[in-house]
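Residue-level listing of the chains:
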Amino acid sequence: FRPVACMVPDYALIGEIRLYSFGYRDARRLSRKMVATFRLSSEQLSSQDHYDFGMRAVNTVIQAAGLMRRDHPDMDEDLLLLRSLADSNRPKFLTEDIVLFNGIISDLFPGAELPAPDYGELLPAIEKAIVDLGLQRVDAFVAKCI
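From a predicted model like this one, the values you see are computed outputs, not experimental measurements. (Residues numbered from 1 in each chain as written. Predicted model: local features only at pLDDT ≥ 70, side-chain atom pairs only at ≥ 80, totals over all residues. Heavy atoms only, no water.)

### Digging into helix H3 (residues 55-71)
Applicable threshold: Only DSSP runs of H or I covering at least 4 residues are called helices, and only runs of E covering at least 2 are called strands; the numbering of each starts at the N terminus. In a helix, the anticipated span is given by 1.5 Å times the number of residues less one. Classification of residues uses two cut-offs on accessible area relative to the type maximum, computed with a 1.4 Å probe and protein chains only: under 20% is buried, over 50% is exposed, and between them is partly exposed. Whether two residues are in contact is decided by their heavy atoms, any of which lying within 4.5 Å being enough.
In a regular helix each residue adds 1.5 Å, so 17 residues correspond to 24 Å; H3 covers 24 Å between its end C-alpha atoms and thus fits that length. Along H3, the positions that sit buried rather than exposed are Ala-57, Val-58, Val-61, Ile-62, Ala-65, Gly-66, Met-68 and Arg-69. Residues of H3 that are buried make contact with helix H1 (11-21), helix H2 (27-44) and helix H4 (77-89).

This is the structure:
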């Protein structure tokens, strides 16, 4: 066997280039914030098998940010990335970790307020399914369904 040297990829540089390709003007600063979010999350959140803060997670957030940019070209770039980070990560977190994650992103994006997402017909459909199945409506359950 031949010896092989491996390096950890520069997530910030990869993120910066991909964000630029989606039309972000402040891609360098935003990619650093994204990488900081994942680094702090991996350090502070509980250790769960389904948590992933590596290249796959970076790629997912960047792809979501690109789609958000396409759908909302005039929206503030910080809010687009913040929405992508939140939407890509919150569903997989435990309840205790969501509080920590919210603290991390509020520290990295001070003063940024996300507008409430418009789920269109999804919420009424979830409500109907809950009633049809004879389940009790619980806000946390509805949030997980989304």
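That was the structure; now back to the text.
### Brief notes about the pattern of salt bridges
Applicable threshold: Basic side-chain nitrogens of Lys or Arg form a salt bridge, by our definition, when they fall within 4 Å of a carboxyl oxygen of Asp or Glu.
Throughout the structure, instances matching the rule amount to 12 salt bridges. For Asp-78, the salt bridge identified is with Lys-33, shortest N-O distance 3.4 Å. Taken together, the positions of Asp-78 in helix H4 and Lys-33 in helix H2 put the pair 45 residues apart, joining distant regions of the chain. According to the relative accessible area criterion, Lys-33 is buried, its value standing at 16%. The residue Arg-137 makes a salt bridge to Asp-139 at a minimum N-O spacing of 2.3 Å. Residue classification places Arg-137 among the partly exposed residues on the basis of a relative accessible area of 41%. One connected set of salt bridges, linked through shared partners, spans Asp-26, Arg-29, Lys-33 and Asp-78.

### Focus: the packing of H1 against H3
To be explicit about the condition: Fitted lines through C-alpha atoms give the axes, limited to the stretch in contact for helices. The angle between two N-to-C directions lies from 0 to 180 degrees. Each angle is binned into one of four classes, with values under 35 degrees roughly parallel, values over 145 roughly antiparallel, values of 65 to 115 roughly perpendicular, and all other values oblique. Definitions for this section: a left-handed crossing has its near helix turned counterclockwise from the far helix by less than a right angle. A right-handed crossing has that turn clockwise. Charged residues are taken to be Asp, Glu, Lys and Arg, nonpolar residues to be Ala, Val, Leu, Ile, Met, Phe, Trp, Tyr, Cys and Pro, and polar residues to be all remaining types, Gly included.
Viewed as axis vectors pointing N to C, H1 and H3 meet at an angle of 20°, and their least axial separation amounts to 10 Å. One element, H1, and the other, H3, form an angle in the roughly parallel class. Crossing geometry of H1 relative to H3 is assigned as right-handed. Across the interface between the two elements, Tyr-11, Ile-14, Gly-15, Arg-18 and Leu-19 of H1 pack against Met-55, Val-58, Asn-59, Ile-62, Gln-63 and Ala-65 of H3. Of the residues assigned to the contact of H1 with H3, the class counts are 7 nonpolar, 3 polar and 1 charged.

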